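# Observations on chain architecture
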Amino acid sequence: MPEWLQAGGWGLLAGSALLVGAAVGYLARVPRQVVATVMGFGAGVLLSAVAFELIDEAHERAGMLPTVLGAVAGAVIYTGCNVLLARHGARHRKRSGQQQPSEQEQTGSGTALALGALLDGIPESIVIGTSLLGGGSVGVVTVAAVFISNVPEGLSSAAGMRNAGRSPRYVFGLWTAIAVISGIAAIVGYTLLGGAPAAVLAAITALAGGAILAMVADTMIPEAFENAHLLIGLVTVAGFLVAFALSHAGG
């Protein structure tokens, strides 16, 4: 199988977890403490992946400067886009309660939610694609981390969309599209960056890491802690350690 197709398949697999989570969140009445718990676990998993699979890998490839510049650029780009989307109704896109506005309450919020979901998922998929460059094998820990974290993201966001009165067609159409785009983004990451120098690849990897870290702090952790029990910190650490153990085993 061509490697570009492998990249797309891994990206699609990781993105499909959003659809799985959305199905649970929309069709079932999951208690908010349960949503917060799985969100906290997913946040811990992503934090570990950023630290040990993205930032550390970028540093090993090209040193400190490209890593720092890439991570800062990723955080700035994500934050800037997130601010714009928040003004149009996507501020609470990963919240499971009543925070998301309906289309009647804020026109255009549905489009903003869709763009916000895309903003959250693209960096992860590009990293999956670039991990295959140079004949390497896909980062199993990265794929696992994205998959595990995507389930609570889709669950929480879809529950909030249901509470905002959005239709099943909108919700499942959105997450199916995001899953497909995740696969396409992985292919793009593989094909467009195939001949890039090590410093560029390091900067792209760190950029994705900075964007993911900003996303976790801005959207996942608030949902995890707002209505959670007092043990949520331990759950987040558990997610971090599970991903770290997978990374160590894979090494």
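Residues numbered from 1 in each chain as written. Predicted model: local features only at pLDDT ≥ 70, side-chain atom pairs only at ≥ 80, totals over all residues. Heavy atoms only, no water.

An unreviewed UniProt entry lists the chain under the name Putative transporter, with Actinoplanes missouriensis given as the organism. Taken verbatim from the UniProt record of the chain, the Subcellular location (unreviewed entry) comment is "Cell membrane". Quoted verbatim from the Sequence similarities (unreviewed entry) heading of the UniProt record, the comment on the chain is "Belongs to the ZIP transporter (TC 2.A.5) family." (UniProt positions renumbered as here; feature names shortened; annotations may be inferred.)

## Some points on the overall build of the chain
Scanning the chain from N- to C-terminus turns up 8 helices and 0 strands. When the helices and strands of the chain are listed from N to C terminus, the series reads α-α-α-α-α-α-α-α. By the compact-globule yardstick of 18 Å for 251 residues, the chain fits well, its C-alpha radius of gyration being 17 Å. With respect to the principal axes defined by its C-alpha atoms, the chain has extents near 50 × 35 × 35 Å. Per-residue burial for the chain yields a buried fraction of 48% across its 251 residues. For the chain, restricting intrachain contacts to residue pairs at least 6 apart in sequence, the fraction spanning at least 24 positions comes to 84%. Summed over all atoms, the accessible surface of the chain reaches about 10800 Å², with 72% contributed by carbon and sulfur. Considering the chain, the positive charge centre built from 11 side chains and the negative charge centre built from 13 side chains are found 12 Å apart. (Helix = DSSP H or I, 4+ residues; strand = E, 2+ residues; numbered from the N terminus. Rg over C-alpha atoms; globule rule 2.2 N^0.38 Å. Buried < 20%, exposed > 50% of the residue type's maximum accessible area, 1.4 Å probe, protein only. Contact = heavy atoms within 4.5 Å. Areas by Shrake-Rupley, 256 points an atom, 1.4 Å probe, with all protein chains shown as cover. Lys, Arg positive; Asp, Glu negative; His and termini not counted. Charge placed at Lys NZ, Arg CZ, Asp CG, Glu CD.)

## Notes on the UniProt feature "transmembrane region" (unreviewed entry) in the chain
Look at the UniProt record and you will see "transmembrane region" (unreviewed entry) annotated at residues 6-27, 34-52, 64-85, 170-192, 198-216 and 228-249. Split by type, residues 6-27 is 100% helix and 0% strand. Its first and last C-alpha atoms lie 32 Å apart. For the annotated span residues 34-52, helix accounts for 100% and strand for 0% of the residues, and the straight-line distance between the end C-alpha atoms is 27 Å.

## Description of helix H1 (residues 3-27)
The end-to-end C-alpha separation of H1 is 36 Å, in line with the 36 Å expected for 25 residues at 1.5 Å each. When we look at burial in H1, the residues that qualify are Ala 7, Gly 8, Gly 11, Ala 14, Gly 15, Ala 17, Leu 18, Gly 21, Ala 22, Gly 25 and Tyr 26. The secondary structure elements touched by the buried residues of H1 are helix H4 (109-130), helix H5 (140-163) and helix H6 (168-192). (Expected span 1.5 Å × (residues − 1).)

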